[in-house]
Amino acid sequence: MRVHIAGIGGVFMAGIALLAKELGLQVSGCDGEVYPPVSDLLAAHNITVTRGCDPAQLRPPPDQLIIGNALSRGNPLVEAALDAGLTLTSGPQWLAENILTGRRVIAVAGTHGKTTTTAMLVWILQRAGLAPGFLIGGMPGNFSASARIGGGEWFVVEADEYDSAFFDKRPKFVHYRPLIAVLLNLEFDHADIYDNLGDIQKQFHYLLRTVPAAGTVVVNRFSKTLSEVLRMGCWSTVQQFAVDGGDGIGDFTVHGHRVHCQLSGAHNRENAAAAVTAAKAIGITTADAAAALTDFRAPRRRMEDLGVHRGIRVVDDFAHHPTAIARTLAAARAVHLGSGGGRLIAVFEPRSNSMRLGVHRDALPAAFTAADRAFLLWPGEPPAGFPCPLHTAAASSPLLAALQACARPGDCVVFMSNGGFDGVQQKFIARLSGGVV
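Residues numbered from 1 in each chain as written. Predicted model: local features only at pLDDT ≥ 70, side-chain atom pairs only at ≥ 80, totals over all residues. Heavy atoms only, no water.

Let's talk about the packing of aromatic side chains
Working step 1: Inspection of the entire model under this criterion finds eight aromatic pairs.
Working step 2: With a centroid separation of 5.2 Å and 50 degrees between ring planes, the pair formed by Phe368 and Phe386 is classed as tilted. Of this pair, Phe368 sits in the loop between helix H11 (353-356) and strand S20 (373-377) while Phe386 sits in the loop between S20 and strand S21 (390-393), placing them 18 residues apart in sequence. For the pair shown, Phe368 and Phe386 are each scored as buried.
Working step 3: Ring geometry for Phe415 versus Phe421: centroids 6.3 Å apart, planes at 80 degrees, classification edge-to-face.
Working step 4: According to the relative accessible area criterion, Phe421 is buried, its value standing at 1%.
Working step 5: Taken together through their ring pairs, the aromatic side chains of Trp123, Phe134 and Phe143 make up a single cluster.
Working step 6: A cation over a ring is seen here: Lys172 above Phe12, with NZ or CZ 5.5 Å from the ring centre.
Working step 7: Directly above the ring of Phe318 sits Arg302, whose terminal nitrogen or CZ lies 4.2 Å from the centroid. (Phe/Tyr/Trp six-rings, centres within 6.5 Å; stacked < 30°, edge-to-face > 60°. Helix = DSSP H or I, 4+ residues; strand = E, 2+ residues; numbered from the N terminus. Buried < 20%, exposed > 50% of the residue type's maximum accessible area, 1.4 Å probe, protein only. Lys NZ or Arg CZ within 6 Å of the ring centre and 35° of its normal.)

Encoded structure:
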């Protein structure tokens, strides 16, 4: 059977491709742009990827056509598929029908921390000998792929509230029917789909409607917005998680047990607390979960340390929301600079739809409070009120040139984007090394 995945360049859809390949299907895909690490992952699994969405890819028609949510009406492949009367399915629907049926599903949802928490939980289950299946929206540090079917009864999935496809505007997570739903936090995002926070809360409520009475909802004790969701209706056991604060690396307490995690930042302590609590809900002791986290490695592009080059530390992160930016920078300052004399230089690409629509414009400057310098890939007039010197550029080349002129030994440079960022991270390292970019 031949499966073609249109929009394969996203980590989620690439994970669908890996699972289909593991089922023994013939898998191909296409997208406008596929960049590392996804392109490397697909190549390693011998999955053919075509650049662009030429309708010729549908001749002869595939047995299954899976459409990613990045493709809309007007896309030539979409239009050709509709004209030909082909049956379309979304990635979440395919996952539910082909992988999740008969499995015990743990779904990890929230505005921030889904990828890291999902990876933590998978690693805890793996170390407990449960051989979980999983689909993670990033490249996990403890596994060679972002998705696998697994040999056990449990399947852990990163559960996104973004829509499923142009023909299915329901959030991805309503397809998964989890036994355990992990709710990390909830803020307004995805302004291209939702009008306000209440719209997103309603979708989280719909997720809770799919959790059985015998299931468990693991929820952040201190999230006011999630408490409001619970008050809309919850028919399952509720387990709360919370953790002490701090931005550095160290021990913290969950359910009365000391936990040590190598990841920095208060947000990662919350992620770890959520993972430990979810593991406890399926019978893994807090002690065993904590032991697993001692050698947990963060997913790619989650405070990923790219090394020290000419005395300058380079960090790559996926932050794209003001809250995530602020947490990332606070953690980077605490871990990489401490009381030293170096500066924290933040380099940001406002690539998310919410950022491009200007939803977070007013909140953005304050997110850079921990930074000493800020560089933005920003084509127009930037927001006012940045707490540190700001440099903007409309293209990556002048941005890199200005960054190179500014950075000096002892500094920590943190790149933040939920996209490719035109490869500026590696280009900057190459410039520091005297390479050609």
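With respect to the packing of helix H1 (residues 11-22) against helix H4 (residues 91-100)
Working step 1: Across the interface, H1 lies against H4 with an axial gap of 10 Å and an inter-helix angle of 30 degrees. Relative to H4, the element H1 lies roughly parallel. Crossing angle aside, the handedness with which H1 passes H4 is left-handed. Taken together, the residues of H4 that come into contact with H1 (itself represented by Phe12, Met13, Ile16, Leu19 and Ala20) are Gly91, Pro92, Trp94, Leu95 and Ile99.
Working step 2: The class makeup of the residues in the contact of H1 with H4 is nine nonpolar, one polar and no charged. (Axes fitted to C-alpha atoms, helices over the stretch in contact; angles between N-to-C directions. Parallel < 35°, antiparallel > 145°, perpendicular 65-115°, else oblique. Left-handed = near helix turned anticlockwise from the far one by under 90°. Contact = heavy atoms within 4.5 Å. Nonpolar A, V, L, I, M, F, W, Y, C, P; charged D, E, K, R; others polar.)

A look at helix H12 (residues 396-406)
Working step 1: For H12, the full list of buried residues reads Ser396, Leu399, Leu400, Ala402, Leu403 and Cys406. The arc enclosing the buried residues of H12, seen along the axis, measures out at 165 degrees, which places them on a common side.
Working step 2: Along its buried surface, H12 packs onto strand S19 (344-348), S20, S21, strand S22 (412-416) and helix H13 (424-432). (Arc of directions from axis to C-beta.)

Observations concerning the side chain of Arg301
Working step 1: Of note, Arg301 is situated in the loop between helix H9 (286-293) and strand S17 (304-309).
Working step 2: A distance of 2.8 Å separates a polar side-chain atom of Arg301 from the backbone oxygen of Ser417.
Working step 3: Setting aside residues no more than four positions away along its own chain, Arg301 makes contact with Asp316, Asp317, Phe318, Ser417, Asn418, Gly419 and Gln425. (Polar contact = N/O pair within 3.5 Å; in protein donor to acceptor, adjacent residues only side chain to side chain.)

Brief notes about the nonpolar core
In globular proteins that are soluble, nonpolar side chains generally tend to be buried together.
Working step 1: Within the largest apolar cluster, 52 residues are counted, with the highest numbers of intra-cluster contacts made by Ile5, Leu19, Leu95, Leu135, Tyr176, Leu183 and Phe204.
Working step 2: Residue contributions to this core peak at eight residues, all from H1.
Working step 3: The residues touching Ile5, leaving out its near neighbours within four places in the chain, are Met13, Ile16, Ala17, Val27, Ser28, Gly29, Cys30 and Ile66. (Core = buried A, V, L, I, M, F, W, Y, C linked by side-chain atoms within 4.5 Å.)

Focus: the sheet that holds strand S5 (residues 88-90)
Working step 1: Read across the open sheet, the five strands follow the order S3-S2-S1-S4-S5; overall the sheet is parallel. Looking at which strands have only one partner, the edges of the open sheet turn out to be strand S3 (48-51) and S5. Direction aside, neighbouring strands of the sheet carry axes that sit 25 degrees apart on average.
Working step 2: Alignment of strand S2 (residues 26-31) against S3, held across four bridges, turns out to be parallel. Each residue of the ladder has a partner; that of Gly29, found in S3, is Val49.
Working step 3: Across the sheet, H4 touches strand S4 (64-67) and S5, and the angle it forms with S5 is around 85 degrees. (Pairing = 2+ DSSP bridges.)

A short note on the environment of Cys261
Working step 1: Among the structural elements, Cys261 can be located in strand S16 (residues 257-261).
Working step 2: Along the chain, Cys261 and Asp295 lie 34 residues apart, while their C-alpha atoms are 7.8 Å from each other.

Focus on the pairing of S22
Working step 1: Burial within S22 is extensive, with five of its five residues counted as buried.
Working step 2: Of the two faces of S22, the one holding Cys412, Val414 and Met416 and the one holding Val413 and Phe415 are both buried throughout.
Working step 3: Pairing of strand S18 (residues 312-317) with S22, which is carried by five bridges, proceeds in the parallel orientation. In the sheet register, Arg313 faces S22, and the bridge partner there is Cys412.
Working step 4: With five bridges joining them, S19 and S22 adopt parallel strand pairing. In the strand pairing of S22, Phe348 is matched with Met416.

Some thoughts on the sheet that holds strand S12 (residues 180-183)
Working step 1: Strand order in the open sheet formed by seven strands is S8-S7-S9-S6-S12-S13-S14, with mixed pairing between adjacent strands. With partners counted over all chains shown, the strands left at the sheet margins are strand S8 (147-148) and strand S14 (237-241), one partner each.
Working step 2: Pairing of strand S13 (residues 216-220) with S14 involves five bridges; the strand directions are parallel. Its bridge partner being in S14, Val218 is matched across the sheet by Gln239.
Working step 3: Contacts between helix H6 (residues 197-209) and the sheet are confined to strand S6 (104-109), S12 and S13, with S12 contributing the most and set at about 155 degrees to the helix.
Working step 4: Running over the sheet, helix H8 (residues 266-281) touches S12, S13 and S14 and is turned about 145 degrees from S14.

Regarding the side chain of Lys172
Working step 1: Note on placement: Lys172 falls in the loop between strand S11 (168-171) and S12.
Working step 2: What makes Lys172 buried here is its relative accessible area of 7%.
Working step 3: Setting aside residues up to four positions removed in sequence, Lys172 forms contacts with Phe12, Asn69, Pro92, Asp160, Tyr162, Asp163 and Ser164.

Comments concerning unusual backbone geometry
The phi angle of most residues is negative, glycine excepted, and most peptide bonds adopt the trans form.
Working step 1: Following Pro36, the chain continues into Pro37 via a peptide bond in cis, with omega recorded as 5 degrees.
Working step 2: Note the cis peptide between Arg59 and Pro60, where omega equals -5 degrees.
Working step 3: The topology assignment puts Pro60 in the loop between S3 and S4.
Working step 4: Residue Asn46 is not a glycine yet carries a positive backbone phi of 55 degrees.
Working step 5: Along the polypeptide, Asn46 turns up in the loop between helix H2 (38-44) and S3.
Working step 6: A relative accessible area of 60% means that Asn46 is categorised as exposed.

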